[in-house]
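Chain by chain, the residues:
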Amino acid sequence: MNRFSDRYALVTGAGSGIGAAIAHGFASEGAFVYVIDMDAEKAQDVAGQIKNAGGEALDIVADVTDGPSVKKAIQKITDHSGKLDIIVNNAGMNVRTDLRHMTDEEWDLVLQVNLVGGARFARDGLDLLRASEHAAIVNLASVMGTRSTRQMSAYSATKAAMASLSRGLAVEYAPYAIRVNYLCPGFVATNLTSRFVRNPFVKDQILARTPMGRFGEPEEIAKAALFLASDDASYMTGSGITVDGGMMAAL
Ligand SMILES: NC(=O)c1ccc[n+]([C@@H]2O[C@H](COP(=O)([O-])OP(=O)(O)OC[C@H]3O[C@@H](n4cnc5c(N)ncnc54)[C@H](O)[C@@H]3O)[C@@H](O)[C@H]2O)c1
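Attention here is on the structure that accompanies the text. (Residues numbered from 1 in each chain as written. Predicted model: local features only at pLDDT ≥ 70, side-chain atom pairs only at ≥ 80, totals over all residues.)

Describing the sheet that holds strand β7 (residues 240-243)
Part 1: An order of β3-β2-β1-β4-β5-β6-β7 is seen for the seven strands of this open sheet, with the pairing classed as parallel. The open sheet has two free edges, formed respectively by β3 (56-61) and β7, since each of these has just one partner strand. Between one strand and the next, the sheet's axes are offset by a mean angle of 15 degrees, whatever the strand orientation.
Part 2: With five bridges joining them, strand β1 (residues 8-12) and strand β2 (residues 32-37) adopt parallel strand pairing. Opposite T12, over in β2, you have I36 as the bridge partner.
Part 3: Relative to β1, helix α1 (residues 17-28) is tilted by about 170 degrees, and along the sheet it contacts β1, β2, β3, β4 (86-89), β5 (136-140) and β6 (179-185).
Part 4: Contacting β1, β2 and β3, helix α3 (residues 67-80) crosses the sheet at an angle of about 145 degrees to β3. (Pairing = 2+ DSSP bridges. Helix = DSSP H or I, 4+ residues; strand = E, 2+ residues; numbered from the N terminus. Axes fitted to C-alpha atoms, helices over the stretch in contact; angles between N-to-C directions. Contact = placed C-beta atoms within 7 Å.)

Some details on α1
Part 1: With twelve residues, α1 should cover 16 Å at 1.5 Å per step; its first-to-last C-alpha distance of 17 Å lies within 8% of that length.
Part 2: Looking only at α1, the buried set comprises G17, I18, G19, A20, A21, I22, A23, H24, G25, F26 and A27.
Part 3: Of the residues trailing α1, G30 is marked for its positive phi of about 100 degrees. (Expected span 1.5 Å × (residues − 1). Buried ≥ 20, exposed ≤ 12 C-beta atoms within 10 Å, placed from the backbone.)

A few points about unusual backbone geometry
Part 1: The phi dihedral of D6 is positive, around 65 degrees, even though this residue is not glycine.
Part 2: In this structure, D6 sits in the segment before β1.
Part 3: For D6, a count of 11 C-beta atoms within 10 Å corresponds to the exposed category.
Part 4: Phi is positive for Q151, close to 65 degrees, though the residue is something other than glycine.
Part 5: You can see Q151 is positioned in the loop between β5 and α6 (153-173).
Part 6: On the basis of neighbour counts, which here come to 15 C-beta atoms within 10 Å, the residue Q151 falls in the partly exposed class.

Quick word on the packing of α1 against helix α9 (residues 218-229)
Part 1: Their axes nearest at 8 Å, the elements α1 and α9 cross at an angle of 55 degrees. Considering their axes alone, α1 and α9 lie oblique with respect to each other. The element α1 and its partner α9 pack so that their crossing is right-handed. Here G17, I18, A20, A21, I22, G25 and F26 of α1 lie close against α9, whose contacting residues are P218, E219, I221, A222, K223, A225 and L226.
Part 2: Of the residues belonging to the contact of α1 with α9, the class tally is ten nonpolar, two polar and two charged. (Parallel < 35°, antiparallel > 145°, perpendicular 65-115°, else oblique. Left-handed = near helix turned anticlockwise from the far one by under 90°. Nonpolar A, V, L, I, M, F, W, Y, C, P; charged D, E, K, R; others polar.)

Quick word on the environment of L99
Part 1: Checked against the element boundaries, L99 lands in the loop between β4 and α4 (104-124).
Part 2: Taking the number of C-beta atoms within 10 Å as the measure of exposure, L99 has 12 and is therefore exposed.
Part 3: For the pair formed by L99 and R150, sequence separation is 51 residues and the distance between their alpha carbons is 9.3 Å.
Part 4: Setting aside its immediate chain neighbours within four residues, L99 contacts S153 and A154.

Right, dumping it as structure tokens:
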């Protein structure tokens, strides 16, 4: 399949895990990929891997929590190609602590990375997306947006808000023919979840609650992101797809 030839896709947090898999997925189907991460080395690595595999990519360093940094990234894209068809707001993080120990700074960080950063890209990328005939935004929410576990309340709240933001933007951006959807992954083995995966007790608990009995692979989340970003999802906006090995279906 070559669903993205002549299209330009931006992926935040593309330096590792799910974001890197999404960036590779777009490139393998013909897109030019803007590989955005706050970690310069990781962004460079992923863009380099894409180019080595025959794809097209440009690494851009940006911190989604920093307004001017996001505007600069969009300006770089404007100067480079002046084209943007797809934004994937994937950058995310968690401060794993009980709410009673959480500082205002930690709260603000989780909120800024997981929610406000995505809103910034959706806002600042609007003019470029409006010029596209295939415009789509895909936001990374989580099964944790509707369920939660200990030390995850702030993370869960931001992921529920990301789903809500996606529905709101779907309505707001529909007149510009920009579709906005979101993904709710279950547990995927990445840097973000390595603490769970490394702890045999927690790992077994998660797997016991996952009917398919295994963690997801970043590529399995990427496939759903590519679907939502593609013309295959041309009548979908304001919708979420759960990719969780059956976790949300189980008691
Ligand atoms: N891994 C899972 O099980 C899982 C489940 C549900 C949802 N998600 C969501 O998927 C997304 C990707 O998660 P992952 O597991 O691949 O995480 P990861 O930690 O492997 O990758 C996150 C990337 O985001 C980048 N990043 C973090 N803060 C940033 C900032 N301020 N500005 C720019 N880049 C920043 C990091 O440098 C890193 O490269 C996140 O939104 C996460 O909440 C993950």
